[in-house]
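Residue-level structural notes
Here is what each chain is made of, one letter per residue.
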Amino acid sequence: MKGKYDVLVIGGGPAGALAGKTAAEKGLSALIVEKRPAIGAPVRCAEGIGKEALHEFIDPDPRWISADMTGATIVAPDGFVMKLGSEMAGSKVGYVLDRKIFDRELVWKATEAGADVAVKSRAAAPILENGYVRGAQIEYCGKTTEVKADVVIAADGVESKFSRWCGIDTTVPVREIMSSVQYVMTDIDIDEHSTVFYLGNDVAPEGYLWVFPKGKRCANVGIGISGKKSGSGHRAKDYLDRFVNKTFPDGKTIEYIPGGVSVCRPLDCTVADGLLIAGDAARVVDPLTGGGIYNAMYTGRLAAEVAAACIERGDVSKKALMQYDKAWRESKMGKAIERNYLIKEYLIKLPDTKLNDIIHSVSTINMKEFTTMNLIKEIIKANPKLVLELGALAASLR
Amino acid sequence: MLIVRRDICGYCGCCVSVCPEGALELIDAYLSVEKNCTSCGVCAKVCPLGALEVVNEG
Ligand SMILES: Cc1cc2nc3c(=O)[nH]c(=O)nc-3n(C[C@H](O)[C@H](O)[C@H](O)COP(=O)(O)OP(=O)(O)OC[C@H]3O[C@@H](n4cnc5c(N)ncnc54)[C@H](O)[C@@H]3O)c2cc1C
Ligand code: SF4
Ligand code: SF4
């Protein structure tokens, strides 16, 4: 660890790894600091990612792919089971990763490109000069070191504090945090090649419960519920335990994973003078699916690209770095976040009966071209009584 | 006052993200509570495990 870098990256998750790798590839000196003693552990993730999405960043490798998904199953509140083939299941058909290995691979790739990495090293405070972020105080084994940088990329995850220390409010609204728990379970009867989503107010209020296979008789079994619906006696863990006791009474839990996933809109602004914010820290998780791995890699890479261009021009002001904010909002990813936010807001207000109606009708639809709009149109055709609400949703998506 | 039940906490950071005061910080496997905590209880509500509790001082 040196005292000065072009780019300092806070956090060694997918966002930080891609930021460090990209910065190094652009010929910049870069340091990734990670407060945990090990990259990738403990895992805070159900590890699902779309195949195409992953391929955009890295070629699949059996060392960190636990299972290959060819379908998805949705279980309606009334217990009705809808199976989706790969044409319909969209981006949720993909891989279930082994993130302990995957996250390490991403950081290895960053170091191969020339980035430095420091674990058990926590950014404890920003270095601020004339309103610019100029680095951070790094704590390592009881010692604090100053690391200066032209640009800092905050990729510090859902528990992000760095941007807040720089004056940016990152508070997630209570109703928009998915309070989550997951067990990695073995010895359970599952379909090895299909993810399963359980919906409904009794199962997972304003969220869903998932079974993501990790291989033969092994899966990530988890749940996310709205923070608004959480409280003493009805927490995520209470719901998950009830489900597991009923569905997998003989299963064995080999890993216990609490977590939080933000499903709010992204931060109003993801840059400041000398600072870019990427990944979960920027609140760019897909609000409908809760998926954030791809969005983290995407924003991490983009943040470093813009940082490199701005450093070269000698202007790392907020105004110059805004290029990053603008670019991700206008990207396919940014647009998907906005669209899926609206769909999520629609779905969480639906009573279970209407959700049942929708799922029943979707199961009979045979679409040639799968798009959100087509799907909504087809659902309205099958459920004329939903035309008002769904029409309003469709209008808001235009 | 906010009490952290360290025997229950799984150091996941869910609570940190919702604190309106920025009073919580996850220092690897240790959740710290700063003096500016107002005991509003928001964090205790969302904790997936029930590791946080606001208790009356006195
Ligand atoms: C239960 C659960 C299930 C999920 N399932 C899925 C899924 O199936 N598919 C999907 O795509 N996404 C899923 N997600 C979301 C996904 O895990 C995140 O979106 C993704 O990890 C975000 O990557 P990141 O790099 O932004 O943040 P993280 O992966 O959280 O990395 C941030 C890193 O920063 C470090 N850090 C924080 N503060 C500091 C500091 N001050 N100094 C140094 N280091 C610091 C942290 O220790 C951490 O390692 C799930 C999340 C949860 C909680
Ligand atoms: S949400 Fe609960 S389990 Fe997670 S860090 Fe906070 S207190 Fe611990
Ligand atoms: S009680 Fe309120 S102010 Fe205190 S840590 Fe929890 S959320 Fe923050």
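Values in this document were obtained by computation on a predicted structure and should not be read as measured data. (Residues numbered from 1 in each chain as written. Chains lettered and ligands numbered in written order. Predicted model: local features only at pLDDT ≥ 70, side-chain atom pairs only at ≥ 80, totals over all residues. Heavy atoms only, no water.)

**Here's the deal with the overall build of chain B**
- Along its length, chain B carries two helices and four strands.
- Counted from the first residue to the last, chain B has its helices and strands arranged as β-α-β-β-α-β.
- Radius of gyration (C-alpha) of chain B: 10 Å, near the 10 Å computed for a compact globule of 58 residues.
- Viewed in the frame of its principal axes, chain B has a C-alpha envelope of about 30 × 20 × 15 Å.
- In chain B, of all internal contacts separated by at least 6 residues, the share reaching a separation of at least 24 is 54%.
- Approximately 2,800 Å² of chain B is accessible, and the part contributed by carbon and sulfur atoms is 50%.
- Positive and negative side-chain charges of chain B, numbering 4 and 7 respectively, have mean locations separated by a distance of 4 Å. (Helix = DSSP H or I, 4+ residues; strand = E, 2+ residues; numbered from the N terminus. Rg over C-alpha atoms; globule rule 2.2 N^0.38 Å. Contact = heavy atoms within 4.5 Å. Areas by Shrake-Rupley, 256 points an atom, 1.4 Å probe, with all protein chains shown as cover. Lys, Arg positive; Asp, Glu negative; His and termini not counted. Charge placed at Lys NZ, Arg CZ, Asp CG, Glu CD.)

**A word on the site of ligand 3**
- For ligand 3, the full set of nearby residues is B:Leu2, B:Cys19, B:Pro20, B:Glu21, B:Leu24, B:Cys37, B:Thr38, B:Ser39, B:Cys40, B:Gly41 and B:Cys43.
- Each residue belonging to the shell around ligand 3 can be placed in one class, and the counts come to seven nonpolar, three polar and one charged. (Near = heavy atom within 4 Å. Nonpolar A, V, L, I, M, F, W, Y, C, P; charged D, E, K, R; others polar.)

**Some words on the environment of B:Val4**
Residues and elements named next belong to chain B.
- Along the chain, the position of Val4 falls in strand S1 (residues 2-4).
- Its relative accessible area of 14% is what places Val4 among the buried residues.
- Each C-alpha atom of the pair Val4 and Glu53 lies 6.7 Å from the other, and the pair is 49 residues apart in sequence.
- Excluding anything up to four places from it in sequence, Val4 contacts Cys9, Leu31, Val33, Ala51 and Leu52. (Buried < 20%, exposed > 50% of the residue type's maximum accessible area, 1.4 Å probe, protein only.)

**A word on the packing of aromatic side chains**
Residue and element names in this part refer to chain A.
- Using the criterion set out here, one finds 11 aromatic pairs over all chains in the structure.
- Aromatic side chains Phe197 and Tyr208 sit 5.2 Å apart centroid to centroid with 65° between the ring planes, which places their arrangement in the edge-to-face category. Here Tyr208 lies in strand S14 (residues 208-215) and Phe197 lies in strand S13 (residues 194-198), a separation of 11 residues in the sequence. One exposure class covers both Phe197 and Tyr208, and it is buried.
- Between the NZ or CZ atom of Lys51 and the centre of the ring of Tyr95, over which it lies, the distance is 5.4 Å. (Phe/Tyr/Trp six-rings, centres within 6.5 Å; stacked < 30°, edge-to-face > 60°. Lys NZ or Arg CZ within 6 Å of the ring centre and 35° of its normal.)

**A closer look at the site of ligand 2**
- With respect to spatial proximity, 13 residues lie near ligand 2, and among them B:Cys9, B:Gly10, B:Cys12, B:Cys15 and B:Cys47 are the closest.
- Residue composition of the shell around ligand 2, by class: 11 nonpolar, two polar and no charged.

**A closer look at the nonpolar core**
Residues and elements named next belong to chain A.
- Within the largest apolar cluster, 82 residues are counted, with the highest numbers of intra-cluster contacts made by Ile153, Phe162 and Leu275.
- With 13 residues, the top contributor of residues to this core is helix H7 (residues 293-313).
- In this structure, Ile153 is in contact with Val7, Leu8, Val9, Ile10, Ala19, Leu276, Ala278, Ala303 and Ala304, ignoring residues within four places of it in sequence. (Core = buried A, V, L, I, M, F, W, Y, C linked by side-chain atoms within 4.5 Å.)

**A few points about the interface of chain B and chain A**
- On the chain A side, the residues contacting the 26 residues of chain B number 33 residues.
- In total, about 2,100 Å² of surface goes out of reach between chain B and chain A, with carbon and sulfur atoms giving 56% of it.
- Where chain B packs against chain A, one counts one salt bridge.
- Between B:Glu25 and A:Arg122 there is a salt bridge, with the nearest N and O atoms lying 2.4 Å from each other. (Buried area = accessible area lost by both parts, 1.4 Å probe. Salt bridge = Lys/Arg side-chain N within 4 Å of Asp/Glu carboxyl O.)

**Things to note about the environment of A:Gly292**
Residue and element names in this part refer to chain A.
- Tracing the sequence through the fold places Gly292 in the loop between strand S18 (275-277) and H7.
- Expressed as a C-alpha distance, the spacing of Gly292 and Cys45, which sit 247 residues apart in the sequence, is 9.2 Å.
- Setting aside residues up to four positions removed in sequence, Gly292 forms contacts with Asp280 and Val285.

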